[in-house]
Amino acid sequence: MIVCLPDGLPSQALTDTQLDRHFGVSGTLQPRFWAIPDMWLWQRGHLVAPRKGRPVYCAGGPVKLLGLAAMRQAAGVGAGIRHQLWQQVVHGTRPATPWPALLARHLADPARYPRERAEADFHHQPRVNAMRMHNAAAYGAAHLALGELEMFQAGPMAYQHYSATTAVCGDALLTADGHQLAPASDALTHRVTYLEQAMRYLDTVEADQRLLAVAL
C-alpha cells in the first residue's frame, strides 16, 4: 500500500509500530521507492528508512525527492524484456483462463464449482504448465508470475504500462484525507481501474507531499 501522509504528521509516526495507530493498517515499511540521484546530503534526512547504494532505496519521503518517473521507466523496460521471454515460454499454447476468472466462478457457486476443481482447471492448462515448467527450471530473476497471466495475455504494451504504473502505485493507495483506493478484485479490469484512479491522484499531489510504502 502507498500511503499519502497527512500534513503535520511527525516523523516519529513513520515506524512499523505506529502504522496501525495513525493509518489503521498493520504492516511494515517497504523500501520500494528510488530517491533522486542529485539531492543534497541534508535532504537524505527527509527520506524514510533509506538504504545504502545507488539508486538509494527508501520507504518514502517527499514526492520531489522520489524518482517516480525513473521508477516507471525502469519498470516498463524490464516488463518489455520479461514479456519477450514469456512469449518464448508459452509459444504454441492457447490463451489460458486466468485464475481470477475461475476464482470468481467458484465464489459465485461454491457447491457446484468447488475451489479444488477451480485450482485443477487452472493448473491443467498447457499455457500455465509452460510457465510453471519455466519457473521450475529458471527460478529467480527470470521467474514469470502466474498471477500476471492475464496481464501478459493483454499484450506487450499493456503489460509494460501495467508494470510501470504498479511500480509507483502498488496494490492499494491511502489518500491524505484517509480515502482508500484499491482494486475490487485481482482481475485485470479491476486493477486497471485502480491504477487509473491512483495515477490520476498522484499526478495532482504537491511536490512536498510525502509518500510511504507499506507491506501489509
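In the block above lies the structure referred to throughout.
Rules used throughout
Residues numbered from 1 in each chain as written. Predicted model: local features only at pLDDT ≥ 70, side-chain atom pairs only at ≥ 80, totals over all residues. Heavy atoms only, no water. Helix = DSSP H or I, 4+ residues; strand = E, 2+ residues; numbered from the N terminus. Buried < 20%, exposed > 50% of the residue type's maximum accessible area, 1.4 Å probe, protein only. Contact = heavy atoms within 4.5 Å. Areas by Shrake-Rupley, 256 points an atom, 1.4 Å probe, with all protein chains shown as cover. Lys, Arg positive; Asp, Glu negative; His and termini not counted. Charge placed at Lys NZ, Arg CZ, Asp CG, Glu CD. Polar contact = N/O pair within 3.5 Å; in protein donor to acceptor, adjacent residues only side chain to side chain. Expected span 1.5 Å × (residues − 1). Phe/Tyr/Trp six-rings, centres within 6.5 Å; stacked < 30°, edge-to-face > 60°. Axes fitted to C-alpha atoms, helices over the stretch in contact; angles between N-to-C directions. Left-handed = near helix turned anticlockwise from the far one by under 90°. 1 Å grid on protein atoms, 1.4 Å probe; cavity = no way out; pocket = protein on both sides within 12 Å on 5 of 7 lines; lining within 4 Å. Points joined across faces, edges and corners; volume = space filled by probe spheres on them. Nonpolar A, V, L, I, M, F, W, Y, C, P; charged D, E, K, R; others polar. Arc of directions from axis to C-beta.

## What about the overall build of the protein?
- Helices and strands together make up the secondary structure of the protein, namely 8 helices and 8 strands.
- Here the protein holds 216 residues, and 41% of them are scored as buried.
- When contacts within the protein are restricted to residue pairs at least 6 apart in sequence, long-range pairs at least 24 apart make up 64% of them.
- Accessible surface, the protein as shown: approximately 12,100 Å² in total, 54% of it carbon and sulfur.
- The centroid of the 19 positive side-chain charges in the protein is displaced by 7 Å from the centroid of its 17 negative side-chain charges.

## Structural notes on the side chain of His-106
- With respect to the secondary-structure elements, His-106 resides in helix 3 (residues 99-108).
- Take His-106: its relative accessible area is 11%, and that puts it in the buried class.
- One polar contact links the side chain of His-106 to the main-chain carbonyl oxygen of Tyr-113, over a distance of 2.8 Å.
- Here Arg-115 takes part through its backbone nitrogen, which lies 3.2 Å from a polar atom of the side chain of His-106.
- His-106 has contacts with Tyr-113, Pro-114, Arg-115 and Ala-118, leaving out every residue within four places of it along the chain.

## Things to note about helix 7 (residues 156-169)
- Here helix 7 is 14 residues long and its end C-alpha atoms lie 20 Å apart, about the 20 Å a rise of 1.5 Å per residue gives.
- Note on helix 7: the residue one or two positions beyond its end, Gly-170, has a positive phi of about 65°.

## Overview of the packing of aromatic side chains
- Summed over all chains, the structure comprises 4 aromatic pairs.
- On the numbers, 6.4 Å between centres and 85° between planes, the contact of Trp-34 with Tyr-57 is edge-to-face. You can see Trp-34 sitting in strand 3 (residues 33-34) and its partner Tyr-57 sitting in strand 4 (residues 57-58), a full 23 residues away along the chain.
- Residue classification places Tyr-57 among the partly exposed positions, given a relative accessible area of 36%.
- With a centroid separation of 4.3 Å and an interplanar angle of 25°, the aromatic rings of Phe-152 and Tyr-159 are classed as stacked. Taken individually, Phe-152 and Tyr-159 each receive the classification buried, so the pair is uniform in this respect.
- A connected cluster of aromatic rings, assembled from ring pairs, spans Trp-86, Phe-152 and Tyr-159.

## Comments concerning the packing of helix 2 (residues 68-89) against helix 5 (residues 126-137)
- Interhelical geometry of helix 2 versus helix 5 gives an angle of 115° and a closest axis separation of 9 Å. The two elements helix 2 and helix 5 meet at a crossing, and its hand is right-handed. Along its contact with helix 2, which presents Leu-85, Trp-86 and Val-89, the element helix 5 presents Arg-127, Ala-130, Met-131 and His-134.

## Details of empty space enclosed by the protein
- Under the definition given, this model contains 1 cavity of 30 Å³ or more.
- The computed volume of the largest cavity comes to approximately 30 Å³.
- As for the largest cavity, its lining consists of Tyr-162, Thr-166, Gly-170, Asp-171, Pro-183, Arg-191, Tyr-194 and Leu-195.
- Where the lining of the largest cavity is concerned, the elements lending two or more residues are helix 7 and helix 8 (188-202).
- With 3 residues, helix 8 is the largest single contributor of residues to the lining of the largest cavity.
- A class-by-class count of the residues in the lining of the largest cavity yields 4 nonpolar, 2 polar and 2 charged.

## Focus on helix 5
- With 12 residues, helix 5 extends 16 Å between its outermost C-alpha atoms, agreeing within 8% with the 16 Å of an ideal straight helix rising 1.5 Å per residue.
- When we look at burial in helix 5, the residues that qualify are Arg-127, Val-128, Ala-130, Met-131, His-134 and Asn-135. Projected down its long axis, helix 5 carries its buried residues within an arc of 160°, all on one side. Along helix 5, the residues that are exposed and aim more than 90 degrees away from the buried face are Pro-126, Met-133, Ala-136 and Ala-137.

## A closer look at the environment of Asp-177
- Here Asp-177 lies in the loop between strand 6 (173-174) and strand 7 (180-181).
- Along the backbone, Asp-177 and Gly-140 are 37 residues apart, and their C-alpha atoms lie at a distance of 39 Å.
- Among the polar contacts listed, one links the side chain of Asp-177 to the side chain of Thr-175, at a separation of 2.3 Å.
- A distance of 3.3 Å separates the side chain of Asp-177 from the backbone nitrogen of His-179, its partner in a polar contact.

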